[in-house]
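# Observations on the three-dimensional arrangement
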Amino acid sequence: MNTYDLWSDHTSADPLPTLARMRSDAPAIRLFNPYQGAPEWWVTRYDDVAALLHDPRFSRDKRKLSEQARARYFRVTELDQLDQHVLYSDPPEHTRLRSLVGKAFTPRRIADLTPRIEEAVERLLDQAEQHDTTDLLETLAFRLPLAVLTELIGIPEEDREKFREWTGILVAPADFTALARMATEFQEYLERFLAQRRTSPRPDLTSALIAAEESGERLTPAELMSMVFLLIAAGFETTGNLIGNSVWALLTHPDQLRRLRADPALTGSAVEEVLRYCPPVKNTTGAFPLEDTEFCGVTIPAEEMIVGSLLSAHHDPTHFPDPGRFDITRTPNRHLAFGHGIHFCLGAALARLETTITLNALLRRYPHLTLAADPDTLRWKDGVFVRGMETLPVTWGDR
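In what follows, the accompanying structure is described. Residue positions are given per chain, counting from 1 as you read along its sequence in written order. For this predicted model, a pLDDT threshold of at least 70 governs which residues receive local features, and a threshold of 80 or more governs which side-chain atom pairs are given and counted, while totals over whole chains, interfaces and linings are taken from all residues. Calculated side-chain values reflect all of the structure's heavy atoms, with hydrogen atoms and water omitted.

### Considering the nonpolar core
Stated formally: Take the buried residues of types Ala, Val, Leu, Ile, Met, Phe, Trp, Tyr and Cys, join any two whose side-chain atoms come within 4.5 Å, and each joined set is a nonpolar core. Accessible area is worked out with a 1.4 Å probe on protein chains only. A residue is then buried under 20% of its type maximum, exposed over 50%, and partly exposed in between. A run of H or I in DSSP counts as a helix once it spans at least four residues, and a run of E counts as a strand once it spans at least two, with each numbered from the N terminus. Every residue pair with non-hydrogen atoms within 4.5 Å of one another is taken to be in contact.
Counting residues in each nonpolar core, the largest one holds 95 residues, and the members touching the most others are Ile117, Phe186, Leu209, Trp248, Leu362, Leu392 and Trp396. Take this core: its biggest share by element is 17 residues, from helix H13 (residues 221-251). Among residues more than four places away in sequence, those in contact with Leu209 are Val101, Ala104, Leu219, Leu224, Val228 and Leu231. Counting residues in hydrophobic clusters, the runner-up holds 18 residues, among them Ala28, Trp41, Val49 and Ala50.

This is how it looks when you write it as structure tokens:
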């Protein structure tokens, strides 16, 4: 069934040749996911991935599936109480949830974080530069979003490392025992934390979510817990990888780095090109037809998962001329890194803000920043959805 070896170590390290072959061979391909032990349909062409993101015939709500399908694709039932959020819901439930969350997760609240993010970046760099060489993922890329998100949500600083451990388990290849333990510990923590916030509100996002109301409705306890879980789980690893991928892309494309140093106003455009060229999320969330459904000229059987490859769509030459070229001035650049339509990522503005501030600080402080390892020796994580490196060793050079 699976002739593309999509989950091998070799393909994980360099998936683009395999994805190019899939784009050429067929619009939709049925594979067997060895981690899930179940079949998946993959679409790899830009137009088809974009269409999948919009198609209401495909459900993201696992509660609509039969018990047999849920057991096949969602083995860790401990996650059920943490999955009642916008990522795993359909209209009209999705519309209600997004409206309620949008009242708390506002552009103004994100913009107000700018000085705190700038302070955090400077503080983390002050600490990291005490050593001539550092793993920038460890000392900056992942510490920054963890600090920002936990402060935004109201999580005490002393508990941050717990969340780093839990999210690391969540995005790793399927270790179902560890995943179940993580889900239980995460849920128990959030139940205590939310109970405290209900009795003692504070000026943080969690208290705003508790107070949010739309047409007389509020988030249920399970929905509230799921949304806090989603903000941490989705925002931490993805933003950390976006920062890491940005630095990697620039350091391995010195012509583009020189261009950016000459014109720092291109930082925003550079971040958009990173989102296209090496997106921190490589696949869409799995979706399911609730009945046999024709899509891309083939029939997708009821309750078989379908996935869109964002990484492949971003290297589709019919939409991106010379897609293998990293170009920080690429225009237009209609990537799908944050989704599209009703499922466009709520945290997109925050991820862009953190990455832009980080790149600006690195460019200003370290004119001779370079990789401290042969680029060919750097390994990419074998994640199910995310794409990022295991380490990113850099040296500051003359300062």
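What follows picks up the thread again.
### Digging into the side chain of Thr239
Positionally, Thr239 belongs in helix H13. On the basis of relative accessibility, which here comes to 4%, the residue Thr239 falls in the buried class. When sequence neighbours within four positions are dropped, the list of residues in contact with Thr239 reads Pro145, Ala351 and Glu354.

### A closer look at the pattern of salt bridges
Applicable threshold: Between Lys or Arg on one side and Asp or Glu on the other, a salt bridge is scored when a side-chain nitrogen of the former is within 4 Å of a carboxyl oxygen of the latter.
Under the defined criterion, the tally for this structure stands at 29 salt bridges. When the shortest N-O distance is used, the salt bridge between Glu217 and Arg96 registers 3.5 Å. Residue Glu217 is found in the loop between helix H12 (205-211) and H13, and its partner Arg96 is found in helix H5 (residues 93-102); the two are separated by 121 residues along the sequence. Residues Asp159 and Lys162 are paired through a salt bridge, measuring 3.7 Å at the closest nitrogen-oxygen approach.

### Focus on the sheet that holds strand E2 (residues 38-43)
Put simply, the rule is: Note on pairing: two strands pair once DSSP finds at least 2 bridges between them. Axis definition: a line fitted to C-alpha atoms, over the contacting stretch in the case of helices. Angles run 0 to 180 degrees between N-to-C directions.
An order of E1-E2-E8 is seen for the three strands of this open sheet, with the pairing classed as mixed. Whereas interior strands pair on both sides, the edge strands pair on one side only; in this sheet they are strand E1 (28-33) and strand E8 (305-308). Within this sheet the neighbouring strands show an average axis-to-axis angle of 35°, counted without direction. Helix H3 (residues 46-54) rests against E2 and E8 of the sheet, and its axis sits at about 125° to E8.

### A short note on unusual backbone geometry
For the bond from Pro91 to Pro92, the omega torsion is 5°, close enough to zero to count as cis. Structurally, Pro92 can be placed in the loop between helix H4 (67-73) and H5. Omega for the bond connecting Thr331 with Pro332 falls within 30 degrees of zero, at -5°, which places this linkage in the cis form. By the element assignment, Pro332 lies in the loop between helix H16 (310-313) and helix H17 (348-365). Notably, Glu303 is not glycine yet its phi reads approximately 65°, a positive angle.

### A word on the side chain of His343
Position of His343 among the secondary structure elements: in the loop between H16 and H17. Since its relative accessible area comes to 14%, His343 is described here as buried. Not counting chain neighbours up to four residues away, the residues in contact with His343 comprise Arg60, Val86, Leu87, Ser89, His94, Arg98 and Phe338.

### Digging into the sheet that holds strand E4 (residues 133-135)
Here three strands make up an open sheet; going across it, the order is E4-E10-E9 and the pairing antiparallel. Single-partner strands in this sheet number two, and they are E4 and strand E9 (370-371). Pairing geometry for E9 and strand E10 (residues 393-395), over two bridges, is antiparallel. For Thr370, the partnering residue across the bridge sits in E10 and is Thr395.

### Concerning helix H11 (residues 176-199)
Because the α-helix completes a turn every 3.6 residues, residues three or four places apart line up on one side. For clarity, the cut-off: What a helix should span is 1.5 Å times the count of its residues minus one.
In a regular helix each residue adds 1.5 Å, so 24 residues correspond to 34 Å; H11 covers 35 Å between its end C-alpha atoms and thus fits that length. Those residues of H11 that fall on the buried side of the exposure criterion are Ala178, Leu179, Ala180, Met182, Ala183, Phe186, Gln187, Tyr189, Leu190, Phe193, Leu194 and Arg197. Considering only its buried residues, H11 is in contact with helix H9 (143-153), helix H10 (160-171), H12 and H13.

Don't take any of this as a statement about function, it's just geometry.
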